[in-house]
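# A closer look at the structure
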Amino acid sequence: MVTDGGDDSLAASGLHRMELDEAGANPERIAAAIHNAIGDCPGPVPVQDIARTLDIFDIREQNLHGLEGALVTSPERPDGLILVNRRSSRPRRRFTIAHELGHFLMVHHVMVEATGFRCRNRDMGAASPGPKTSSEDRHLRQEAEANRFAIELLAPRPRLRPLLNRLPDLARVLEISKTFAISKEAAARRYVELHHASLAVLFLHRGKVVYLHKGNDFPWLAIGKGQTLPGHAETRPGLSDIYDADPTDWLDRAGPLGLQVQVLGQEGDRAIVLLHADTLADPDDDPEIDDTFDRFTQGRR
Ligand SMILES: [Zn+2]
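Cut-offs applied
Sequence order as written defines the numbering, with residues in each chain counted from 1. For this predicted model, a pLDDT threshold of at least 70 governs which residues receive local features, and a threshold of 80 or more governs which side-chain atom pairs are given and counted, while totals over whole chains, interfaces and linings are taken from all residues. The side-chain figures draw on all heavy atoms in the structure; neither hydrogens nor water molecules are used. Salt bridge criterion: a side-chain nitrogen from Lys or Arg within 4 Å of a carboxyl oxygen from Asp or Glu. For helices the rule is a DSSP run of H or I covering at least 4 residues; for strands it is a run of E covering at least 2, with both sets numbered from the N terminus onward. Think of it in three bands: residues with accessible area under 20% of the maximum for their type are buried, residues over 50% are exposed, and the middle band is partly exposed, with areas taken using a 1.4 Å probe on protein chains only. Across the chain, each position has a pLDDT score giving the predictor's confidence in that residue, from 0 to 100. By definition in these notes, contact holds between two residues if any of their heavy atoms fall within 4.5 Å. Keep in mind that water is not among the atoms, so a site may look incomplete; donors are the N, O and S atoms within 2.8 Å of the metal, or 3.2 Å for Na, K and Ca. Angular criteria define each label, namely tetrahedral for four donors with all angles between 85 and 135 degrees, square planar for four and octahedral for six donors with opposite donors over 155 degrees apart and remaining angles between 65 and 115, and irregular for whatever fails these tests. Only the contacting stretch of a helix is used when fitting its axis, a line to C-alpha atoms as for every element, and angles between N-to-C directions run 0 to 180 degrees. Convention used here: angles under 35 degrees read as roughly parallel, angles over 145 as roughly antiparallel, angles from 65 to 115 as roughly perpendicular, and any remaining angle as oblique. The handedness criterion is simple: a crossing whose near helix is rotated anticlockwise from the far helix by less than a right angle is left-handed, and one whose near helix is rotated clockwise is right-handed. DSSP bridges decide pairing: two strands pair if at least two such bridges lie between them. For this scheme, ten residues count as nonpolar: Ala, Val, Leu, Ile, Met, Phe, Trp, Tyr, Cys and Pro. Four count as charged, namely Asp, Glu, Lys and Arg, and the remainder, Gly too, count as polar.

As a further point, take the pattern of salt bridges. Pairs can form between side chains of opposite charge once their charged atoms are near each other. For the coordinates displayed, the defined rule picks out 12 salt bridges. Here Arg52 makes a salt bridge to Asp49, at a shortest N to O gap of 2.4 Å. One end of the pair is Arg52 and the other is Asp49, both in helix H2 (residues 47–53) and three residues apart, which spans about a single turn. Relative accessible area serves as the criterion here: at 27%, Arg52 is assigned to the partly exposed category. Overall, Asp49 belongs to the buried group, its relative accessible area being 5%. In this structure, the salt-bridge partner of Arg60 is Asp58, at a minimum N-O distance of 3.0 Å. Judged by its relative accessible area of 12%, Asp58 falls in the buried class. One salt-bridge network, in which partners are shared between bridges, spans Glu152, Arg157 and Arg190.

And the structure:
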């Protein structure tokens, strides 16, 4: 059994699989129901203890060839065994455990083989393919749901709120990664999805875009996978300042938008780039006129 800063008090928390039935099949609601049951827990979410309390009888770290994780169970899910790739980092192993627990709790997930689920590295990044029905689409949808459950469990939105009420900044992404013991990549995706501003994040390796993740109505980007950053954007190690970029360099149809860019250079020649698209103030939109109008209309009510 792997330990990870456990919390034995979970056994007495009232967390039980039957209590999660009301959450139905929705991944976010199941994760939220777990947090409701265990209450406030500062620091990284005790994912291993949660799994054990919910009938995962063992979590084993092994050399898994070509896999990040696996769940050994049966269609009725009486209990389960989670296998995790021991060569992955701790944040990745935590995500994998949460992902496999998602397959275990979402009993509508159809097992991919006789003994359960086998999940590859690329499954851990799967996003929903849309409402199609082929078996490959079903597989992708199940993987995407397990990922939605995992991030909601590991970085629950109520605990993120104080970090989301501030101006977009990759420093907050680093804070999320550290506080919740999730990878910087997972933290960055979570941040752009939940922040009210229009954000996107690019993940680079050796100066080229590996993939991008867009949040809230972010406009189409003019750059894509395999391309380098436009202009003179650099990816030096460490966290850059936030700077104004020319939106026409980065966006397909820039329109009346401003664009702010911030870069986090990482080890291994990797980088995370945060983009913030902001509507420019209309020069014809004089706030004094609005004030006068407001006073005038309020006086007539
Ligand atoms: Zn999976």
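What follows is about the confidence of the model for the chain. Note that predicted coordinates carrying low pLDDT should not be read in detail. Per-residue confidence for the chain gives a mean pLDDT of 87, with 86% of residues at or over 70. Segment residues 286–301 is flagged for pLDDT under 50; beyond a separation of four residues in sequence, or across chains, it makes one contact in the model.

Within the protein, His99 (NE2), His103 (NE2), Cys119 (SG) and Glu143 (OE) serve as the donor atoms for the zinc ion, at 2.0 to 2.2 Å. Of note is the zinc ion, whose four donor atoms meet at the metal with angles of 89 to 126° in an arrangement that counts as tetrahedral. Taken in sequence order, the residues that donate to the zinc ion follow the motif H-x3-H-x15-C-x23-E. With His99 in helix H3 (residues 90–105) and Cys119 in strand S4 (residues 116–119), the pair connects residues that are 20 residues apart, well separated along the chain. Judged by relative accessible area, which is 0%, Cys119 ranks as buried.

Viewed as axis vectors pointing N to C, helix H1 (residues 27–38) and helix H4 (residues 135–154) meet at an angle of 30°, and their least axial separation amounts to 8 Å. Taken together, H1 and H4 sit at an angle that is classed as roughly parallel. For the pair H1 and H4, the crossing hand works out as right-handed. For the pair H1 and H4, the contacting residues are Pro27, Glu28, Ile30, Ala31, Ile34 and His35 in the first and Glu145, Arg148, Phe149, Glu152 and Leu153 in the second.

Here we come to the environment of Lys184. Within the fold, Lys184 resides in helix H7 (residues 184–194). A relative accessible area of 34% means that Lys184 is categorised as partly exposed. With residues near it in sequence (within four places) discarded, Lys184 still touches Val173, Leu174, Ser177, Leu264, Gln266 and Ile272.

Attention shifts here to unusual backbone geometry. The general pattern is negative phi for most residues beyond glycine and trans for most peptide bonds. The backbone phi angle of Asp55 is positive, close to 80°, even though this residue is not glycine. Turning to its location among the elements, Asp55 is positioned in the loop between H2 and strand S1 (56–62). For Asp55, a relative accessible area of 31% gives the class partly exposed. Unusually for a residue other than glycine, Ala181 sits at a positive phi of about 50°. Here Ala181 is to be found in the loop between helix H6 (170–180) and H7.

Moving on, we get to the sheet that holds strand S2 (residues 69–72). Sheets are built from strands that pair by backbone hydrogen bonding, the pairs being arranged parallel or antiparallel. Spatially, four strands are ordered S1-S3-S2-S4 in an open sheet, and the strand pairing comes out mixed. Each having just a single partner strand, S1 and S4 make up the two edges of the open sheet. Direction aside, neighbouring strands of the sheet carry axes that sit 10° apart on average. Note that S2 and strand S3 (residues 80–85) share four bridges and pair antiparallel.

Right, let's talk about the side chain of Arg189 for a bit. Mapped onto the secondary structure, Arg189 falls in helix H7. Given the relative accessible area of 17%, Arg189 is considered buried. When neighbours within four sequence positions are excluded, Arg189 is seen to be in contact with Phe203, Tyr211 and His213.

At a closest axis distance of 8 Å, the pairing of H3 and H4 adopts a crossing angle of 120°. Between H3 and H4, the crossing angle belongs to the class labelled oblique. In the packing of H3 onto H4, the handedness of the crossing is right-handed. Between H3 and H4, the residues in contact are Arg94, Phe95, Ala98, His99, Leu101, Gly102, His103 and Leu105 and Gln142, Glu143, Ala146, Asn147, Phe149, Ala150, Ile151, Leu153 and Leu154, respectively. Broken down by class, the residue content of the contact of H3 with H4 amounts to 10 nonpolar, five polar and two charged.

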